[in-house]
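Structural description and commentary
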Amino acid sequence: MAIKRIGTRTVKLENPPSILSTYTIVGPKEGEGPLREYFDEILEDDLWGQESWEKSESKIQEETIKSAIANAGLATKDIDYLLSGDLLNQIITSGYTARQISVPFFGLYGACSTMSQSLSLGSMLIDGGFADKVVCATSSHFSTAERQYRFPLEYGNQRSFSAQWTVTGAGATVLSSSGNGPYITYVTTGKIIDPGIKDVNNMGAAMAPAAMDTLINHFKDTGFSPSDYDLIITGDLGIVGKNIVLELMAKEGYDLKGIYTDCGVEIFNNIEQDTHSGGSGCGCAATVFNGYIYKEMLKGTLNRVLLMATGALHSPVITQQGESIPGIAHAVTIDVNKG
Amino acid sequence: MDNLNKKDYQKYAERKIPKPTYFKNIILAFIVGGLICVVGQIIRNTLFKYGLDEKAVAAGTSIILVFLGAFLTGIGVYDKIGKIGGAGAAVPITGFANSIVSPAMEFKREGFIFGVAAKMFSIAGPVLVYGVGSSIIVGILKLLLTKGR
């Protein structure tokens, strides 16, 4: 019997896994953004001495994972599972990273929702008694994403105002069955919601209904209200998506003003850095969570946070065939107390 | 969100997108496109000075502009011109050069056959196919309509 399930979509972790350590590496542009002081490593060159952007992204993810494990005072042999994913076809970044890190590996694809997807599954593995130490990680790279989803870097086109800027960066979290927190206490798994948006330059609007759906179900299942949280943060809805969530959630009777924001809005200064609607990509939620949120929780400025990374599960092939963009959002509650 | 009315939501989301700055874009396209044409005119006049005939000047001007477009793409400048100029930078022949050189550069690491050569026309390909295709149709129409005259 699923004794840990509450409501329709949520799992209450009986033995909440503790975050032992995190690590983040970001590219130069992210390192010029408002959250620069929270990142562990800022690259001067986003090719990082590699021959290609893909190899560079893999190195970024690999070094992030290794450093997170070292930060926890552990060695790779202590890790029971590595759960990671990325945006590239066949999740090659994660596969080639796992080739270098010899740890039992589950590759995940949740597009930009991968950070909270990996934290959800990692927490359940630990709470279920299947593992003691799990690493959850993800990455994205502006230049690998551009060439897969959009245009060559040197092509002289104009981006629309609702378009977002893929974050170059990776974040990794080491979860453990024992530790002093912060803890993952609740996991609410998202359903695919497809509002029928076909514009790939308007991902925020395509994913916002999925985020709202997960959020509303999280509140219903747990009995929490927005005021129970110090911060509710979505992954990469950008300015367009964030405003939609604020407005439509108010209509549903949830006032999120002052406690809700979006990683994509926070990571860049959209006017000075010309990032239009904000940041996106797996690395967006990964670096903001493992950098900013985790460090603020350690300081004690944030006590309970709902991280809800959002993903758009499309590809250029299927959108060219006229299909709309399915969105998803997974929520995890991170709490300095055991709940 | 199960009861979300997709049509209403799409209309609502449409309104949430910041409006493109059409007027500013048009002015910038005019200026950038105009400047590229001025450069073309300077090249043309210079070639005439060197005593080339009309046909050679037309070919020479195109060759030099294509080279400039490719060169500026190679040193990472043309994408910035394109960002400012929009259609003003894309429509002239320099933009055509940019659309061929940029994917060729981007996919160099996948090799010269499956990378550079195969991807080179990924952006310019449609322009070539429909450009050449429509010129053939127009040519046939001209032939039919002017037949016997």
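Residues numbered from 1 in each chain as written. Chains lettered and ligands numbered in written order. Predicted model: local features only at pLDDT ≥ 70, side-chain atom pairs only at ≥ 80, totals over all residues. Heavy atoms only, no water.

1. What to know about the overall build of chain B
Of regular secondary structure, chain B possesses 8 helices and 0 strands. Relative to the compact-globule value of 15 Å for 149 residues, chain B shows a C-alpha radius of gyration of 21 Å, a clear excess of over 25%. In terms of principal-axis extent, the alpha carbons of chain B reach across some 75 × 50 × 40 Å. Here chain B holds 149 residues, and 29% of them are scored as buried. (Helix = DSSP H or I, 4+ residues; strand = E, 2+ residues; numbered from the N terminus. Rg over C-alpha atoms; globule rule 2.2 N^0.38 Å. Buried < 20%, exposed > 50% of the residue type's maximum accessible area, 1.4 Å probe, protein only.)

2. A few points about the pairing of strand 6 (residues 105-108) of chain A
Note: strand 5 (residues 81-85) of chain A against strand 6 of chain A, 4 bridges, orientation parallel. Bridging from a neighbouring strand, Leu82 of chain A pairs with Phe105 of chain A of strand 6 of chain A. (Pairing = 2+ DSSP bridges.)

3. Section: the interface of chain B and chain A
Counting from both sides, the interface comprises 34 residues of chain B and, opposite them, 37 residues of chain A. Both sides together, the interface formed by chain B and chain A hides about 2,900 Å², and carbon and sulfur atoms give 57% of it. For chain B, the biggest contributors to the area lost against chain A are Met1, Tyr9 and Glu106 of chain B; these three give 24% of the whole. Applying the counting criterion to the chain B and chain A interface returns 4 salt bridges. A salt bridge links Arg147 of chain A to Glu110 of chain B; the nearest nitrogen and oxygen atoms lie 2.9 Å apart. For the pair chain B and chain A, the interface holds 14 residue pairs in polar contact (both at pLDDT 80 or more). Looking at the side of chain B that touches chain A, the elements that each hand over two or more residues are helix 1 (6-16), helix 4 (78-85) and helix 6 (93-106) of chain B. (Contact = heavy atoms within 4.5 Å. Buried area = accessible area lost by both parts, 1.4 Å probe. Salt bridge = Lys/Arg side-chain N within 4 Å of Asp/Glu carboxyl O. Polar contact = N/O pair within 3.5 Å; in protein donor to acceptor, adjacent residues only side chain to side chain.)

4. Structural notes on the packing of aromatic side chains
Throughout the structure, instances matching the rule amount to 9 aromatic pairs over all chains. Seen from their ring centres, Tyr38 of chain A and Tyr292 of chain A are 5.0 Å apart, and the 90 degrees between their planes marks the pair as edge-to-face. One end of the pair, Tyr38 of chain A, is in the loop between helix 1 (28-31) and strand 4 (41-42); the other, Tyr292 of chain A, is in helix 9 (residues 282-299), with 254 residues separating them in the sequence. Ring centres of Tyr186 of chain A and Phe224 of chain A lie 5.2 Å apart, and the angle between their planes is 80 degrees; this geometry places the pair in the edge-to-face category. Of the two residues, Tyr186 of chain A sits in strand 10 (residues 183-188) while Phe224 of chain A sits in the loop between helix 6 (203-222) and strand 11 (231-234), which places them 38 residues apart along the sequence. Classification of Tyr186 of chain A by relative accessible area gives buried; the value is 10%. Three or more aromatic residues joined by ring pairs make a cluster, and in this case those are Tyr186, Phe224 and Tyr229 of chain A. Positioned above the aromatic ring of Trp48 of chain A is the side chain of Lys59 of chain A, whose terminal nitrogen or guanidinium carbon lies 4.4 Å from the ring centre. Note that Lys119 of chain B overlies the ring of Phe107 of chain B, its terminal NZ or CZ placed 4.9 Å from the centroid. (Phe/Tyr/Trp six-rings, centres within 6.5 Å; stacked < 30°, edge-to-face > 60°. Lys NZ or Arg CZ within 6 Å of the ring centre and 35° of its normal.)

5. As for the state of the cysteines
All names here are of chain A. The tally for this structure, following the rule as stated, stands at 0 disulfides over all chains. No disulfide involves Cys112; its sulfur sits 5.1 Å from that of Cys282, the nearest cysteine. A residue is classified by how much of its surface remains accessible, and Cys112, at 10% relative accessible area, is buried. No disulfide involves Cys136; its sulfur sits 14 Å from the nearest other cysteine sulfur, which is in Cys282. (Disulfide = S-S within 2.5 Å.)

6. Observations concerning the side chain of Thr61 of chain B
Here Thr61 of chain B lies in helix 3 (residues 54-74). The contacts of Thr61 of chain B, once residues within four sequence positions are left out, are Gly40, Ile43, Arg44 and Leu47 of chain B.

7. A look at the pattern of salt bridges
Summed over all chains, the structure comprises 15 salt bridges over all chains. A salt bridge links Lys295 of chain A to Asp40 of chain A; its shortest N-O distance comes to 2.8 Å. With Lys295 of chain A in helix 9 and Asp40 of chain A in the loop between helix 1 and strand 4, this pair connects stretches of sequence that are 255 residues apart. Using a relative accessible area of 30% as the deciding quantity, one classes Asp40 of chain A as partly exposed. The partner of Glu247 of chain A in a salt bridge is Lys16 of chain B, and the shortest N-O contact between them spans 2.6 Å. With Glu247 of chain A in helix 7 (residues 238-251) and Lys16 of chain B in helix 1, the pair connects residues from two separate chains. Among the ionic contacts, a cluster of salt bridges with common partners joins Glu54 and Arg147 of chain A together with Glu106 and Glu110 of chain B.

8. Some points on the nonpolar core
Grouped together as the largest cluster of nonpolar side chains are 41 residues, with contacts concentrated most on Leu119, Ile184, Ile233, Ile293, Leu307 and Ile334 of chain A. With 8 residues, helix 9 of chain A is the largest single contributor of residues to this core. Two domains each provide a minimum of three residues to this core, namely domain 1 (5-176) and domain 2 (183-335) of chain A. Listed in part, the 37 residues of the second largest apolar core include Met203, Leu215 and Leu256 of chain A together with Ala13 of chain B. (Core = buried A, V, L, I, M, F, W, Y, C linked by side-chain atoms within 4.5 Å. Domains from an automatic or database assignment.)

9. Brief notes about the environment of Ala145 of chain A
Mapped onto the fold, Ala145 of chain A is located in helix 5 (residues 142-149). As a C-alpha pair, Ala145 of chain A and Leu88 of chain A span 57 residues in sequence and 7.1 Å in three-dimensional space.

10. Thoughts on the packing of helix 3 of chain B against helix 6 of chain B
All names here are of chain B. Relative to each other, helix 3 and helix 6 sit at 45 degrees, their axes nearing to 8 Å. In this view, helix 3 runs oblique relative to helix 6, as classed from their interaxial angle. Considering only the axes of helix 3 and helix 6, their crossing is right-handed. Between helix 3 and helix 6, the contacting residues are Ser62, Leu65, Val66, Gly69, Ala70, Thr73 and Gly74 on the first element and Ile93, Thr94, Ala97, Asn98, Val101, Ser102 and Met105 on the second. Grouping the amino acids of the contact of helix 3 with helix 6 by side-chain chemistry returns 7 nonpolar, 7 polar and no charged. (Axes fitted to C-alpha atoms, helices over the stretch in contact; angles between N-to-C directions. Parallel < 35°, antiparallel > 145°, perpendicular 65-115°, else oblique. Left-handed = near helix turned anticlockwise from the far one by under 90°. Nonpolar A, V, L, I, M, F, W, Y, C, P; charged D, E, K, R; others polar.)

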